[in-house]
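# Architecture at a glance
So the chains spell out like this:
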Amino acid sequence: MPVIVDQDKCIGSGQCVLAAAGVFDQRDEDGTVLLLDDSPPAESLDDVRRAAVLCPALAITVEES
Amino acid sequence: MTGPHRIAVVGASAAGLTTAKALRSRGYEGTLTLIGDEQHLPYDRPPLSKQILAGTWEPDRTALCGAGELGALGADLLLGRSAVGLDVAGRQVLLDGGDRIGFDGLVIATGVTPRRLPGAGLAGIHVLRTLDDALSLRLHLLGRPTVAVVGAGFLGAEVAAVARGMGLDVTLIDPLPVPMYRQFGARIGELIGQLHTDHGVTVRCGAGVRRFLDTEGRVSGVELTDGSVLVAELVVVAVGARPAIDWLADSGLPHRDGVECDAFCQVIPGIYAAGDVASWHNNHFGTRMRLEHRMNATEQALAVAGNMLGAAREFAPVPYFWTDQYDARIQAYGIFPADADIAVLHGRPADRTFVVGYGHQGKVAGVLGWNSPRELRTLRQLVVDRTPWPPKASLREAAVAELPDQGMPTTTARH
């Protein structure tokens, strides 16, 4: 189940890291999202979905298969 | 199961749409009616005063969901329809045109309406709340008018930054002593005023608007309460907003500054509120609050959907919000009372890379980061934990010497 991030939309809130730290990180200089794992394991999917819902910039898409 | 099976959601922006989606994702299978007073499909508002106004995004990038996703929601979507009344006893929403929508569960998510100033009916005076407002304002800014922005809160400061970025002559006006005084207090406000001054905006704080100058029905200037007169061919009024609750006036529901909910976002059994319109008791801070922040719309909507379906969970978040102005990304967690203490927790204000903490009633009430997103995310925990003030463990020795008194200017330069 692929995860896609839109760095252009990202506003660096870091909500994704709070929700799913193993899947997302933030760039040092401006906090922009870094995707650590674009196919996260099943046990982290609820956290990843939560990150996508909470992202205030709507920069995360989880492609449900 | 005795949960609701006919839910109406009034308001089809972030809070309303998120509630509807969350109800479905939590397994709600009953009737769902989503009512919005704009013709547009649900869209996101934070980009309006940033990318849309600046023209760097096409309007369709603000869509909150695609048409397919909306269809999959299985909701009756009534767009361009306003709620004009609520019959609580009969459990019906009254719409313009006379229709009545019955419900056994109701979500009030009607948001806010911009405040206006007397005499602001002149041509050339704008407000910014909707996508149409933003597109109209952008079109008029492209005519390169001299701009006055009245109100230096989030919206006014962002509009001033965008207009200045377009190379326009911009004056930012507020009766309070510095921009964003109400949000962040005097010291950070001074720094924001300096940011605008550095970018060529004329910051006129400490004087309000006495009247708009009228040249044949079109605004030509602004007279301030100190007697000075500014030329302005375009005025943006950004003096805050009031909850959109006129339709509830005769409903008997409690409402003053917003719809008054309990700690579970419930107004009365079966009726909930979410987003900018909702005032609720946040037990994390032990106080009632109403937030016009994007993040809160989502979080509160999720809480409301859960509680409607029986979760019985208090909504007690640490609020998050942000603003982007020029090269400054300012982010904040928590609350920022006017009488809070302030201390630098990371970095240096002089470098415009820092985090400050706000102490109130003996605890860390909020943390604000200026171009420090990663550090702020870590320091957020101080607010989550209600850490005693001052948070000595996180105050590096060197940071003590960098308190705002040293790091920040004490006066805002004025033109």
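Above: the structure in question.
The sections below set out a description of the structure shown in this document. Keep in mind the model is a prediction, meaning the values are calculated, not measured.

## Some thoughts on the overall build of chain A
The secondary structure content of chain A amounts to two helices and four strands. When the helices and strands of chain A are placed in sequence order, the string is β-α-β-β-α-β. A compact globule built from 65 residues would reach a C-alpha radius of gyration of about 11 Å, and chain A, at 10 Å, matches this within 12%. If one aligns the C-alpha atoms of chain A with their principal axes, the spans along those axes are about 30 × 20 × 15 Å. The 65 residues of chain A split such that 48% are buried. Put simply, 54% of the contacts in chain A that link residues at least 6 apart link residues at least 24 apart. When the accessible surface of chain A is summed, it comes to about 3000 Å², and 47% of that surface belongs to carbon and sulfur atoms. Positive and negative charge centroids in chain A, built from 4 and 13 side chains respectively, lie 7 Å apart.

## Some remarks on the packing of aromatic side chains
Residue and element names in this part refer to chain B. The full count for this structure, using the stated rule, is 10 aromatic pairs over all chains. Their ring planes at 85° and their centres at 5.8 Å tell us that Phe321 and Phe336 sit as a pair that is edge-to-face. In this pair, Phe321 sits in strand β24 (residues 320-325) while Phe336 sits in the loop between β25 (328-334) and β26 (341-348), placing the two residues 15 residues apart along the sequence. The class of Phe336 is buried, set by a relative accessible area of 10%. Members of the aromatic cluster, each reached through a chain of ring pairs, are Phe154, Phe184, Phe321, Phe336 and Tyr358. Taking the ring centre of Trp57 as reference, the NZ or CZ of Arg61 above it sits at 4.5 Å.

## Some points on the sheet that holds strand β2 (residues 31-36) of chain B
Residue and element names in this part refer to chain B. Read across the sheet, six strands follow the order β3-β2-β1-β7-β21-β20 without closing on themselves; strand pairing throughout is mixed. Among the strands making up the open sheet, the edge pair consists of β3 (76-79) and β20 (266-268). Direction aside, neighbouring strands of the sheet carry axes that sit 20° apart on average. Here strand β1 (residues 6-10) runs beside strand β7 (residues 105-108); their pairing, made up of four bridges, is parallel. Bridge pairing links Val9 to Val107 in β7. Across the sheet, helix α7 (residues 294-308) touches β1, β7 and β21 (271-273), and the angle it forms with β21 is around 165°.

## A look at the sheet that holds strand β13 (residues 209-215) of chain B
Residues and elements named next belong to chain B. With antiparallel pairing, three strands are arranged side by side in an open sheet as β13-β14-β15. Two strands in the sheet have a free side with no partner beyond their single neighbour: β13 and β15 (229-231). Across the sheet, the mean angle from the axis of one strand to that of its neighbour is 30°, orientation sign disregarded.

## Comments concerning helix α2 (residues 45-54) of chain A
Here α2 of chain A has its buried residues at Leu45, Val48, Ala51, Ala52 and Leu54 of chain A. Where the residues of α2 of chain A are buried, they touch β1 (3-5), α1 (15-19), β2 (24-26) and β4 (60-62) of chain A together with α7 of chain B.

## Thoughts on empty space enclosed by the protein
For the structure shown, the criterion picks out two cavities of 30 Å³ or more. Counted as a void, the largest cavity has a volume near 120 Å³. In this structure, the largest cavity is lined by 15 residues; those nearest its centre are Ile11 and Ala57 of chain A together with Pro46, Pro47 and Trp57 of chain B. Its residues assigned to classes, the lining of the largest cavity shows eight nonpolar, two polar and five charged. The computed volume of the second largest cavity comes to approximately 90 Å³. Cys10, Ser13, Cys16, Val33 and Cys55 of chain A are, among the 13 residues lining the second largest cavity, the residues nearest its centre.

Criteria and thresholds
Residues numbered from 1 in each chain as written. Chains lettered and ligands numbered in written order. Predicted model: local features only at pLDDT ≥ 70, side-chain atom pairs only at ≥ 80, totals over all residues. Heavy atoms only, no water. Helix = DSSP H or I, 4+ residues; strand = E, 2+ residues; numbered from the N terminus. Rg over C-alpha atoms; globule rule 2.2 N^0.38 Å. Buried < 20%, exposed > 50% of the residue type's maximum accessible area, 1.4 Å probe, protein only. Contact = heavy atoms within 4.5 Å. Areas by Shrake-Rupley, 256 points an atom, 1.4 Å probe, with all protein chains shown as cover. Lys, Arg positive; Asp, Glu negative; His and termini not counted. Charge placed at Lys NZ, Arg CZ, Asp CG, Glu CD. Phe/Tyr/Trp six-rings, centres within 6.5 Å; stacked < 30°, edge-to-face > 60°. Lys NZ or Arg CZ within 6 Å of the ring centre and 35° of its normal. Pairing = 2+ DSSP bridges. Axes fitted to C-alpha atoms, helices over the stretch in contact; angles between N-to-C directions. 1 Å grid on protein atoms, 1.4 Å probe; cavity = no way out; pocket = protein on both sides within 12 Å on 5 of 7 lines; lining within 4 Å. Points joined across faces, edges and corners; volume = space filled by probe spheres on them. Nonpolar A, V, L, I, M, F, W, Y, C, P; charged D, E, K, R; others polar.

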